[in-house]
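# Architecture and fold: a report
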Amino acid sequence: MRRRSAQGDEFGSLELLLDTICNMFGLFIFVGMLVAVLASARSVVLQAQGAPAGADPLAADRQAVEDLRVRVEQAERAARPDARVEQARGQLASLQATNDQLERRAAAMERLTREGSERATALAAEMPRLRAEVERLRREVEAQSNVAGLQLRAPRRRTVEGLMPVQVVLWQGRAYWINPWIDRLDEPCRAWSEWNPDAVDLAAGPVCDVRECFRGGGQWLIRSVPLRADGGLPVREDDGAWRRSLLDLLARLQGDRHVVSLKVSPDSHAAFQQLREVIAGAGFAYDVSPIRMEDGTYRDEIRDGVATAQ
């Protein structure tokens with residue numbers, strides 16, 4: 001019983017200690033709440049003493065905002081361009097556009113002036129040649145008028161049938177009498193296979209492939225004749241030597257047995273006009289056929305006395 005009584009006394013003293021601690025903790029809480037209430041009351045008193053009665057505590061901030069807005073509006077009005085400034089800018093842009101247009105027109109006029117000057121220079125350089133060409137044409141017209149009574153048109157086929165063709169090649173303004181035709185009236189195959197050294201390049205090796213050759217007919221020859229670049233008769237208007245040489249060659253022929261077969265290259269049309277004038281004036285019949293010579297070699301095929309060129 002004593003032991004229990006002792007233990008009961010021990011628990012009782014601990015309860016008293018716990019009560020004391022709780023009381024002290026409650027006192028601290030009370031003191032803290034009291035301090036907070038006093039501090040809040042003190043701040044209200046200080047605000048009441050520092051600000052005038054009835055004054056708005058945000059008035060100063062509102063005034064600062066209003067001042068800032070006024071300054072912004074003033075800055076915007078200062079930055080906004082004046083109507084006169086806008087008008088001046090528009091006029092400046094119009095003047096710049098007009099200036100650009102004038103510069104383009106000036107450049108175009110300068111280009112046209114330069115081109116006109118170049119054309120004038122070219123025409124001035126070309127005038128002597130044009131005058132010479134006009135003079136040459138005038139002389140040709142006069143020559144044609146002087147021989148108006150001659151037979152300058154190629155004869156019809158029925159007038160040359162049975163005649164022996166004598167090839168005269170016109171190339172680069174030169175007349176090439178490729179066969180000699182001396183004492184060969186009854187030997188056409190031999191005459192066609194002999195070469196005139198003044199017209200034919202013998203070193204290049206002319207070829208006459210005789211397939212058939214009978215005195216009474218039945219000739220078939222294939223020929224390849226390289227021409228001399230410096231040979232033949234140079235047909236020139238101001239030179240009468242080639243006319244005399246051509247008349248000497250024509251004198252070897254017989255008008256009732258031979259026909260001059262003209263083979264004309266595209267670069268010798270002017271020479272053809274003068275050559276046919278001499279042939280027709282000498283009383284010889286002639287026929288004309290165009291040829292094309294790429295390498296300076298005349299090629300033809302003769303069958304039964306009728307020559308065909310290529």
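Residues numbered from 1 in each chain as written. Predicted model: local features only at pLDDT ≥ 70, side-chain atom pairs only at ≥ 80, totals over all residues. Heavy atoms only, no water.

## Considering the packing of helix α6 (residues 241-250) against helix α7 (residues 269-281)
Two numbers describe how α6 lies on α7: the axes approach to 10 Å, and their chain directions differ by 45°. On the basis of their axis angle, the class for α6 and α7 is oblique. Crossing geometry of α6 relative to α7 is assigned as right-handed. Contact residues: W242, R243, L246, L247 and L250 in α6; Q274, L275, E277, V278 and I279 in α7. Across the contact of α6 with α7, the residue classes tally to 7 nonpolar, 1 polar and 2 charged. (Axes fitted to C-alpha atoms, helices over the stretch in contact; angles between N-to-C directions. Helix = DSSP H or I, 4+ residues; strand = E, 2+ residues; numbered from the N terminus. Parallel < 35°, antiparallel > 145°, perpendicular 65-115°, else oblique. Left-handed = near helix turned anticlockwise from the far one by under 90°. Contact = heavy atoms within 4.5 Å. Nonpolar A, V, L, I, M, F, W, Y, C, P; charged D, E, K, R; others polar.)

## Things to note about the packing of aromatic side chains
Taken as a whole, this structure holds 1 aromatic pair when the rule is applied. Taking the centre distance of 6.1 Å and the plane angle of 40° together, the rings of W171 and Y176 count as tilted. On the basis of relative accessibility, which here comes to 9%, the residue W171 falls in the buried class. (Phe/Tyr/Trp six-rings, centres within 6.5 Å; stacked < 30°, edge-to-face > 60°. Buried < 20%, exposed > 50% of the residue type's maximum accessible area, 1.4 Å probe, protein only.)

## Some points on the confidence of the model for the protein
For the protein, the average pLDDT comes to 77, and 75% of its residues sit at 70 or higher. Here residues 1-5 is modelled with pLDDT under 50, and outside its nearest four sequence neighbours on either side it reaches 0 contacts, counting other chains as well. Across residues 147-152 the pLDDT falls below 50, and counting only partners more than four positions away or on other chains, this stretch makes 10 contacts in the model. (pLDDT = per-residue confidence, 0-100.)

## Observations concerning the sheet that holds strand β5 (residues 233-234)
Taken in spatial order, the 5 strands line up as β5-β2-β1-β6-β7 in an open sheet, and their pairing is mixed. Among the strands making up the open sheet, the edge pair consists of β5 and β7 (286-290). Relative to β5, strand β2 (residues 174-177) is paired through 2 bridges, and the arrangement is antiparallel. Looking across to β5, one finds that A175 is bridged to L233. (Pairing = 2+ DSSP bridges.)

## Section: α7
Spanning 13 residues, α7 covers 19 Å between terminal C-alpha atoms, matching the ideal 18 Å at 1.5 Å per step. If you check which residues of α7 are buried, you get A271, F272, Q274, L275, R276, E277, V278, I279 and A280. Trailing α7 by a residue or two, G283 shows a phi angle of about 85°, which is positive. (Expected span 1.5 Å × (residues − 1).)

## Side note on α6
Buried within α6 are the following residues: W242, L246, L249 and L250. Down the axis of α6, the sector holding all buried residues measures 100°, keeping them to one side. Of the exposed residues in α6, the ones pointing more than 90 degrees away from its buried face are R244 and D248. Where the residues of α6 are buried, they touch β2, β5, β6 (258-264) and α7. (Arc of directions from axis to C-beta.)

## Quick notes on the pattern of salt bridges
Across all of its chains, the model carries 5 salt bridges by this definition. With a shortest N-O distance of 2.7 Å, R211 and D209 are connected by a salt bridge. We note a salt bridge from R228 to D230, for which the minimum N-O separation is 3.3 Å. Look at R228 and you get partly exposed, because its relative accessible area is 27%. (Salt bridge = Lys/Arg side-chain N within 4 Å of Asp/Glu carboxyl O.)

## Overview of the nonpolar core
Counting 43 residues, the largest nonpolar core has V169, W177, L246, V260, L262, L275 and I279 as its most contacted members. W177 has contacts with V166, Q167, V168, N196, A199, L246, L249, L250 and L253, leaving out every residue within four places of it along the chain. (Core = buried A, V, L, I, M, F, W, Y, C linked by side-chain atoms within 4.5 Å.)

## Some points on a nonpolar patch on the surface
Where nonpolar side chains cluster on the molecular surface, the patch consists of L27, F30, V31, L34, V35 and L38 and spans about 580 Å² of accessible area. By the secondary structure assignment, V31 is in helix α1 (residues 2-50). (Patch = residues over 30% accessible without salt bridge, like charges linked within 9 Å, V, L, I, M, F, W, Y side chains within 5 Å. Areas by Shrake-Rupley, 256 points an atom, 1.4 Å probe, with all protein chains shown as cover.)

## Focus on the side chain of R174
Counting through the fold element by element, R174 comes out in strand β2. We note that R174 is buried and unpaired, the nearest opposite charge coming from D230 at a distance of 6.7 Å. In terms of polar contacts, R174 uses its side chain to reach the backbone carbonyl oxygen of G231, at 3.0 Å. (Lys, Arg positive; Asp, Glu negative; His and termini not counted. Polar contact = N/O pair within 3.5 Å; in protein donor to acceptor, adjacent residues only side chain to side chain.)

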